[in-house]
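# Chain and residue survey
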Amino acid sequence: MSFADKLAYAWELRGLLFESLGISLLIAFSAVIIGFVIGVILAVIRIAPKTNPVIKVLDGFAQTYITVIRGTPTMVQLLIMYSSILVMFKYVNTNLLVPIIAFGINSGAYMAEIIRAGINSVDKGQMEAGRSVGLSWTTTMLKIIIPQAIKVVIPTIFNEIIILVKETSVVSFIALRVGGQQAWDLMGLVSKMANAKPAVYNTFLYIAALIYLTIVMLLTLLQHLIERKLKKNER
Amino acid sequence: MNDNFIEIKGLFKNFGKLEVLKGVSCSIRKGEKVAIIGASGSGKSTLLRCMNLLETPTYGEVWFEDKLLTPIDPYLHFDVIRLSKTYGKLLAAYTAEHPGVAEADADAAVIADIKKRDLLRKSEGSAFAKAVRDLYRANFQNVDYTRRNIGMVFQHFNLFNNLTVLENMTLAPVQLKLKTPEEAKKRAMELLERIKLSDKANVYPSTLSGGQKQRIAIVRALAMNPKVMLFDEPTSALDPEMVGEVLDLIRQLADEGMTMVIVTHEMGFAREVADRVLFMDGGVISEEGTPEELFNHPQNPRTKDFLSKVL
Ligand SMILES: Nc1ncnc2c1ncn2[C@@H]1O[C@H](COP(=O)(O)OP(=O)(O)OP(=O)(O)O)[C@@H](O)[C@H]1O
Ligand SMILES: [Mg+2]
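As a starting point, this report considers the structure included with it. Because the structure is a prediction, the values reported are computed rather than measured.

Conventions adopted
- Residues numbered from 1 in each chain as written.
- Chains lettered and ligands numbered in written order.
- Predicted model: local features only at pLDDT ≥ 70, side-chain atom pairs only at ≥ 80, totals over all residues.
- Heavy atoms only, no water.
- Helix = DSSP H or I, 4+ residues; strand = E, 2+ residues; numbered from the N terminus.
- Buried < 20%, exposed > 50% of the residue type's maximum accessible area, 1.4 Å probe, protein only.
- Contact = heavy atoms within 4.5 Å.
- Areas by Shrake-Rupley, 256 points an atom, 1.4 Å probe, with all protein chains shown as cover.
- Lys, Arg positive; Asp, Glu negative; His and termini not counted.
- Charge placed at Lys NZ, Arg CZ, Asp CG, Glu CD.
- 1 Å grid on protein atoms, 1.4 Å probe; cavity = no way out; pocket = protein on both sides within 12 Å on 5 of 7 lines; lining within 4 Å.
- Points joined across faces, edges and corners; volume = space filled by probe spheres on them.
- Nonpolar A, V, L, I, M, F, W, Y, C, P; charged D, E, K, R; others polar.
- Near = heavy atom within 4 Å.
- Polar contact = N/O pair within 3.5 Å; in protein donor to acceptor, adjacent residues only side chain to side chain.
- Buried area = accessible area lost by both parts, 1.4 Å probe.
- Salt bridge = Lys/Arg side-chain N within 4 Å of Asp/Glu carboxyl O.
- Pairing = 2+ DSSP bridges.
- Patch = residues over 30% accessible without salt bridge, like charges linked within 9 Å, V, L, I, M, F, W, Y side chains within 5 Å.
- Axes fitted to C-alpha atoms, helices over the stretch in contact; angles between N-to-C directions.

## Thoughts on the overall build of chain B
Scanning chain B from terminus to terminus reveals 13 helices and 10 strands. Overall, chain B is about 80 × 50 × 35 Å in size when its C-alpha atoms are taken along their principal axes. In chain B, buried positions account for 53% of the 311 residues. Put simply, 67% of the contacts in chain B that link residues at least 6 apart link residues at least 24 apart. Carbon and sulfur atoms form 51% of the exposed surface of chain B, whose accessible area is close to 14400 Å². Seen as two clouds, the 41 positive and the 42 negative side-chain charges of chain B have centres 5 Å apart.

## Looking at the layout of surface pockets
Volume-wise, the largest pocket comes out at about 950 Å³. Forming the walls of the largest pocket are 30 residues, and the residues nearest its centre are A:Pro49, A:Met127, A:Arg131, A:Trp137 and B:Leu54. Breaking the lining of the largest pocket down by element, the ones donating at least two residues are helix H5 (97-121), helix H6 (124-132) and helix H7 (137-167) of chain A together with helix H6 (143-147) of chain B. By residue number, the principal contributor to the lining of the largest pocket is H6(A), which donates 4 residues. Class assignment for the residues of the lining of the largest pocket results in 17 nonpolar, 6 polar and 7 charged. Taken as a whole, the second largest pocket spans an internal volume of roughly 590 Å³. B:Pro71, B:Ile72, B:Asp73, B:Pro74 and B:Lys122 are the residues nearest the centre of the second largest pocket, which is lined by 17 residues in total. Partitioned by chemical class, the residues of the lining of the second largest pocket number 9 nonpolar, 4 polar and 4 charged.

## Some remarks on the environment of B:Lys9
Residue and element names in this part refer to chain B. With respect to the helices, strands and loops of the structure, Lys 9 is situated in strand E1 (residues 4-15). The spacing of Lys 9 and Ser 25 is 16 residues in sequence and 4.6 Å in space, taken between C-alpha atoms. If we ignore the near neighbours within four places in the chain, the residues touching Lys 9 are Val 24, Ser 25, Gly 60, Glu 61, Trp 63 and Leu 76.

## A closer look at empty space enclosed by the protein
Rolled over the atoms, a probe with the dimensions of a water molecule shows which regions are left empty. Within the structure shown, the criterion is met by 1 cavity of 30 Å³ or more. As a volume, the largest cavity reaches approximately 30 Å³. Lining the largest cavity we find A:Ser132, A:Val133, B:Arg147, B:Arg148, B:Ile150, B:Gly151, B:Met152, B:Ala221, B:Met224 and B:Pro226. With 3 residues, strand E6 (residues 150-153) of chain B is the largest single contributor of residues to the lining of the largest cavity. A breakdown of the residues in the lining of the largest cavity according to their chemical character gives 6 nonpolar, 2 polar and 2 charged.

## Quick look at the site of ligand 1
Residues and elements named next belong to chain B. Among the 13 residues in the neighbourhood of ligand 1, the closest are listed as Ser 40, Gly 41, Lys 44, Ser 45 and Thr 46. Between ligand 1 and Ser 45, the relevant distance is 2.7 Å, taken from an oxygen atom to a side-chain nitrogen or oxygen of the residue. Coverage of ligand 1 by the protein amounts to 60% of the 630 Å² it exposes when considered alone. At the level of elements, strand E2 (18-29) and helix H1 (44-51) are the ones that each hand at least two residues to the shell around ligand 1. Examining the composition of the shell around ligand 1, we find that 3 residues originate from one element, H1, more than from any other. Residues that form the shell around ligand 1 fall into these classes: 4 nonpolar, 7 polar and 2 charged.

## Considering the interface of chain B and chain A
Contacts between the two partners involve 24 residues from chain B, matched on the other side by 20 residues from chain A. Both sides of the chain B and chain A interface together cover about 1900 Å² of buried area, and 55% of this is carbon and sulfur. Our count for the contact surface shared by chain B and chain A stands at 2 salt bridges. Close ionic contact of A:Arg131 with B:Asp144 constitutes a salt bridge, the shortest N to O distance being 2.9 Å. Counting residues per element, the ones that place at least two in the side of chain B that touches chain A are H6, E6 and helix H7 (165-175) of chain B. Ranked by the residues each element gives to the side of chain B that touches chain A, the list is headed by H7(B), at 3 residues.

## Digging into the sheet that holds E1(B)
Either a parallel or an antiparallel arrangement is found when strands of a sheet pair, and the pairing is made through backbone hydrogen bonds. Residue and element names in this part refer to chain B. If you trace the 4 strands from one edge of the open sheet to the other, you get E2-E1-E4-E5, paired in antiparallel fashion. This sheet does not close on itself; its edge strands, each paired only once, are E2 and strand E5 (67-68). Of the pairings in the sheet, the one linking E1 to strand E4 (residues 59-64) comprises 5 bridges and is antiparallel in character. Following the sheet pairing, Ile 6 is matched in E4 by Phe 64.

## Describing a nonpolar patch on the surface
A surface patch of nonpolar side chains, amounting to about 280 Å² of accessible area, comprises A:Ile33, A:Val37 and A:Ile41. Here A:Ile41 lies in helix H2 (residues 14-47).

## Considering the side chain of B:Asp232
All names here are of chain B. With respect to the helices and strands, Asp 232 occurs in strand E7 (residues 228-232). The buried charged residue Asp 232 lacks any salt bridge, with Arg 49 as its nearest oppositely charged partner at 5.7 Å. Within the structure, Asp 232 has its side chain in polar contact with the side chain of Ser 45 (distance 3.0 Å). The residues contacting Asp 232, other than those within four sequence positions of it, are Ser 45, Leu 48, Arg 49, Val 153, Phe 154, Gln 155 and Val 263.

## Some remarks on unusual backbone geometry
Residue and element names in this part refer to chain B. Its identity is not glycine, yet Glu 65 carries a phi of approximately 45°, on the positive side. Inspection of the secondary structure assignment puts Glu 65 in the loop between E4 and E5. In this model, Glu 233 sits at a positive phi of 45°, which is unusual for a non-glycine residue. With respect to the element layout, Glu 233 can be found in the loop between E7 and helix H10 (240-255). Assessed through its relative accessible area of 11%, Glu 233 is described here as buried.

## Concerning the sheet that holds strand E9 (residues 276-281) of chain B
All names here are of chain B. Strand order in the open sheet formed by 6 strands is E6-E7-E8-E3-E9-E10, with mixed pairing between adjacent strands. Strands at the two margins of the open sheet, each flanked by one partner only, are E6 and strand E10 (284-289). The average angle at which neighbouring strand axes cross in this sheet is 20°, direction not considered. Packing of helix H13 (residues 301-310) onto the sheet brings it into contact with strand E3 (33-38), E9 and E10, and relative to E9 it is tilted by some 100°.

Interpretation in functional terms is not warranted from these geometric data alone.
Here is the structure:
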């Protein structure tokens, strides 16, 4: 097969390629949102003054969560999620919920630590000023501390998003179904080619690499736009 | 009711093993201007920060307008101590040891002993627990609520960096539903007008000079219409040429009758503005008096020593 033939073949399969790209992106970005929400909640629990027993219990939970998730490979988490949910709800495994939840939970632990570091980097005087005008701890956190922390952590958060987008490729190890049909994420499709049509395997690998590279470049662009916008808010 | 805004009773504050305040009692009367002076590390800021509970006292009570901000400190309430099991036991022992002792003397001795040896424990019986609880319930006020009435100005300004000057001033009144956004904005603009910084309403704090930041921090506190203002070395982070504008504003507030407590190294300013000066040394108020008394006729050798160094 000539190179042109391989490209033509890939072009013929563009429908499948786009569909698999869509699945990869859907998993990654849903997981980012879930991860961010979990991350903010865990970070705030970790940072809250340990004045009442409820907070202490929640903090213990948060610490355990972060330790376990950061201490085990994503792949293992995904497979555990896959097999446990398979057992618990017989049919749920047939849609994208499993990888979305698995990656969301995974990312939540990392985001929590990133956001916690961001909150800690905000000058203690900001919280004191908020409290001294009569605002509650929570209001000060939401209106003053977290907005400033987010700004600090934008680069690190984007780093985590970029890692997550690429890491979702391990989802190719589990069988996905969308609307009852078998489906593949981007890497899943490439692996499939390895068996189905070995001659184009390499071409598909390069295409996948290019697609990931493009997504990451777009994310980096978005990061810079956000950073510039936030900076403008300062003058 | 009495005419004190703030009352500090038997205040101790430890940071871990470090004892910073070692038994401070003082009151701030309505309309009074009190300056706190003393060497670095003597506990001035800690005392000031205990007044609005930015620091939590280890022992003692803080009251604002007859409302309790801290938990009850049973050592301060003899009636409560008398209800404890420990008191009962010690009193019996004491009267057995000193037959024929007057009741009042035995009472005083036992209470003194309990305080000195810190003998009150959690399990002092239900009458004791109930008395503590009742006293607390009858007097307690939420500290967030109280803080609305106590403006605080920090050495390092602490303007909210993510908000514009105007937002800095309207956030709390609007969040706490004390004013509508329009009312809050109107009031904020009046205050900015007053300090001639209304052109800075929509800029972020990072673009302001130190003197501008501190004056805005002061009017941000004023936007809550506080009854008392606490200042913690408001000018010591400023370049010398900006000290004047900030002191002028504080002086104006004093002239208008604002009650204020000001921790300062500006002795000239303390002498001029204060009605009463507290000298802190090693975690206690070791001397207090009018500026005339304290600056011109200090009694305590430590005060003399301190003043000879700073004046
Ligand atoms: N949050 C804290 N944790 C531990 N130690 C503290 C804390 N805040 C204050 N201290 C210590 O308490 C002591 C008294 O501090 P404080 O700030 O009240 O002194 P100060 O009289 O205001 O001094 P200065 O004139 O330098 O401001 C100091 O030894 C200080 O190091
Ligand atoms: Mg100080």
